[in-house]
Amino acid sequence: MAEIADKAVVHRASTEDATPAHAPAKGSPALAPLADIPVGQWRALAERVVEPNAYYLPEWALAVSASARGRIGALALSACSDAPLAYDGPARMIGLLPVISLWRSYKIPLPALVSAQPYGTLCTPPLDCDLAEAAAECLMQEARKAGAHALILRDMSLDGKAMRAFTEVLRLNGMRPRLMQSYLRAGLDATRNADDLLLDALGSKKLKELRRLRHRLADHGAVGFEVARTPAEVAATLETFLVLEASGWKGKRGTALAQHDGDAAFIRRAAAALAETGQCEIVTLRAGETPVAAAIVLRHQDRAFYFKLGIDERFAKYSPGVQLTLDLTRHLCSDPAIRSADSTAAPDHPMINPIWRGRFAIGDVLIPLRRHDPLVPMIHTALAVHRSADEAARSAVRFIRNRGKSR
């Protein structure tokens, strides 16, 4: 639990700064609509980032902000250096952070900015590999100019170089980051031999059972693994994925991409644009002519990102999602350009965790922007209360669903 400031100080701060009118405003000169960021500079930054994150590539993030449900209209903090690059322009972009207000994100009326969710569960900002600390410091300065008292970096890679850059800047200014919550999620060491990796992860008995299920699946037609890479292939295969995803439990809950026009528009735009640069693949498992599972995989630098999986639940007894993931593991491990893969899955995911045994530490981090700021513990406490209420609501939903299943 966060420290609590003196009540009189908290009262003065809350009456002056906690109202929506004092939250960071869209019209602030330090904030720009994400769509106004020069794409050429953004792409150049993406090629030299200190840590990969495909969900903050311009083709992806702009598509999300343009139409994705609940994610439209993100703003941006940007950091620039006077050292120009080869492209025409007055400065070199060295950092970028898509953001929304704390009010929009959590309905908390305090002046803070929150990293915008890019649909994938990773918000590590792109920082220049040569100037990471300078970029982090500049982003914090721009947030202060926008009226923010804190930055909330959601779904941050905790052990990566970007987090280390923010931590060092804070240390030099007599501050420290505040960890709000954290978890470990599955990742793949793609430098290993796939067969050895899968044997170590699953054991010979489980692999034998999966081979048996694959042979039974072959009764419906020859089992094949396909990779769509070109823009035309990706566009066509994406439609197959959308149908598969909507046919399963995500469709029943109303969360499939195809069920919302804005989400469908986002993924069609983003997948096509990233396929142009070789940064999006769609993998499919087929039994004869029938697609039984498909997944969208993004690429950035030497890392792959396992975005979403859809299966045909008529074939559920053959574990099509697991079968596809085994083939995807072999595919990534055989690619010398890929050294690791992030599942971007929930913690303790029952399908991916037993297969990909590597782990990424992910968390939400509060970055204070001023020393001894009485609003920072208020923001911290408000977020902790919100998280507790959210977890209680999720537990209630799970209880109701499980009770319904038991009847």
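Above: the structure in question.
Because the structure is a prediction, the values reported are computed rather than measured. (Residues numbered from 1 in each chain as written. Predicted model: local features only at pLDDT ≥ 70, side-chain atom pairs only at ≥ 80, totals over all residues. Heavy atoms only, no water.)

A.B. asks: Even after reading the chapter, I still don't get the overall build of the protein chain, so can you show me in this structure?
C.D. replies: Across its full length, the protein chain carries 12 helices and 12 strands. When burial is assessed residue by residue, the protein chain has 53% of its 407 residues classed as buried. In the protein chain, the share of contacts with a sequence separation of at least 24, taken over all contacts with a separation of at least 6, comes to 76%. Working note: accessible area of the protein chain is about 18500 Å², and carbon and sulfur atoms make up 53% of it. (Helix = DSSP H or I, 4+ residues; strand = E, 2+ residues; numbered from the N terminus. Buried < 20%, exposed > 50% of the residue type's maximum accessible area, 1.4 Å probe, protein only. Contact = heavy atoms within 4.5 Å. Areas by Shrake-Rupley, 256 points an atom, 1.4 Å probe, with all protein chains shown as cover.)

A.B. asks: Help me understand the sheet that holds strand S11 (residues 340-342), please; the structure alone is not making it clear to me.
C.D. replies: In any sheet, the strands associate via hydrogen bonds between backbone groups, in a parallel or an antiparallel arrangement. The strand order across the open sheet built from 12 strands is S1-S2-S3-S4-S5-S12-S6-S11-S10-S9-S8-S7, with neighbouring strands paired in mixed fashion. The open sheet has two edge strands, strand S1 (32-33) and strand S7 (223-228), and neither has a second partner. Note that strand S6 (residues 178-189) and S11 share three bridges and pair antiparallel. Residue pairing across strands places Leu188 opposite Ala341, the latter belonging to S11. Sitting on the sheet, helix H2 (residues 39-46) touches strand S3 (92-101) and strand S9 (290-300), and the angle it makes with S3 is about 105°. Packing of helix H7 (residues 194-217) onto the sheet brings it into contact with S6, S7, strand S8 (280-287) and S9, and relative to S8 it is tilted by some 50°. (Pairing = 2+ DSSP bridges. Axes fitted to C-alpha atoms, helices over the stretch in contact; angles between N-to-C directions.)

A.B. asks: What should I look at first to understand the packing of aromatic side chains in this one?
C.D. replies: Geometry of an aromatic ring pair is reported as the spacing of the ring centres plus the angle between the planes. Within the structure shown, the criterion is met by nine aromatic pairs. Their ring planes at 70° and their centres at 5.8 Å tell us that Tyr55 and Phe305 sit as a pair that is edge-to-face. One end of the pair, Tyr55, is in the loop between H2 and helix H3 (58-67); the other, Phe305, is in strand S10 (residues 303-311), with 250 residues separating them in the sequence. You can call Phe305 buried: its relative accessible area is 0%. Between Tyr306 and Trp356, the ring centres sit 5.6 Å apart and the planes meet at 45°, which makes this aromatic pair tilted. Here Trp356 lies in the loop between S11 and strand S12 (358-368) and Tyr306 lies in strand S10, a separation of 50 residues in the sequence. Residue classification places Trp356 among the buried positions, given a relative accessible area of 0%. When the ring centre of Phe307 is taken as reference, the NZ or CZ atom of Lys308 above it lies at 5.5 Å. (Phe/Tyr/Trp six-rings, centres within 6.5 Å; stacked < 30°, edge-to-face > 60°. Lys NZ or Arg CZ within 6 Å of the ring centre and 35° of its normal.)

A.B. asks: When you look at unusual backbone geometry in this model, what are you seeing that I'm missing?
C.D. replies: The phi angle of most residues is negative, glycine excepted, and most peptide bonds adopt the trans form. Not every positive phi belongs to a glycine, and Lys107 is a case in point at roughly 60°. Counting through the fold element by element, Lys107 comes out in the loop between helix H4 (102-106) and strand S4 (113-115). Even without being a glycine, Tyr119 presents a positive backbone phi close to 80°. Following the sequence through the fold, Tyr119 ends up in the loop between S4 and helix H5 (132-145). For Tyr119, a relative accessible area of 15% translates into the label buried.

A.B. asks: Can you help me understand the pairing of strand S5 (residues 150-157) in this one?
C.D. replies: Walk down a regular strand and you will see the side chains alternate between the two sheet faces. The element S5 is largely enclosed, with a buried count of eight among its eight residues. At this point the chain moves from S4, through H5, to the parallel S5, and the crossover so formed is right-handed. One ladder, built from six bridges, connects S5 with S12; its direction is antiparallel. By the bridge assignment, Leu153 is partnered in S12 with Val365. (Right-handed = clockwise from strand over helix to strand, strands pointing away.)

A.B. asks: Mind showing me how you'd approach the pairing of S12 here?
C.D. replies: In terms of burial, S12 is a largely internal element, nine of the 11 residues being buried. Note: S6 against S12, nine bridges, orientation antiparallel. Bridge pairing links Gln181 to Asp364 in S12.

A.B. asks: Would you explain empty space enclosed by the protein in this entry?
C.D. replies: One simple way to see leftover space: roll a probe sized like a water molecule over the atoms. If you walk through the whole model with that rule in mind, you get two cavities of 30 Å³ or more. Taken as a whole, the largest cavity holds about 60 Å³ of empty space. Contributing to the lining of the largest cavity are 13 residues, with Val49, Asn53, Tyr56, Pro126 and His300 lying nearest its centre. Per-element tally for the lining of the largest cavity: the top contributor is H2, with three residues. Looking at the lining of the largest cavity residue by residue, the classes come out as nine nonpolar, three polar and one charged. Looking at the second largest cavity, the residues that line it are Glu51, Pro52, Leu122, Thr124, Ser157, Arg303, Asp342, Phe360 and Ile362. Residues that form the lining of the second largest cavity fall into these classes: four nonpolar, two polar and three charged. (1 Å grid on protein atoms, 1.4 Å probe; cavity = no way out; pocket = protein on both sides within 12 Å on 5 of 7 lines; lining within 4 Å. Points joined across faces, edges and corners; volume = space filled by probe spheres on them. Nonpolar A, V, L, I, M, F, W, Y, C, P; charged D, E, K, R; others polar.)

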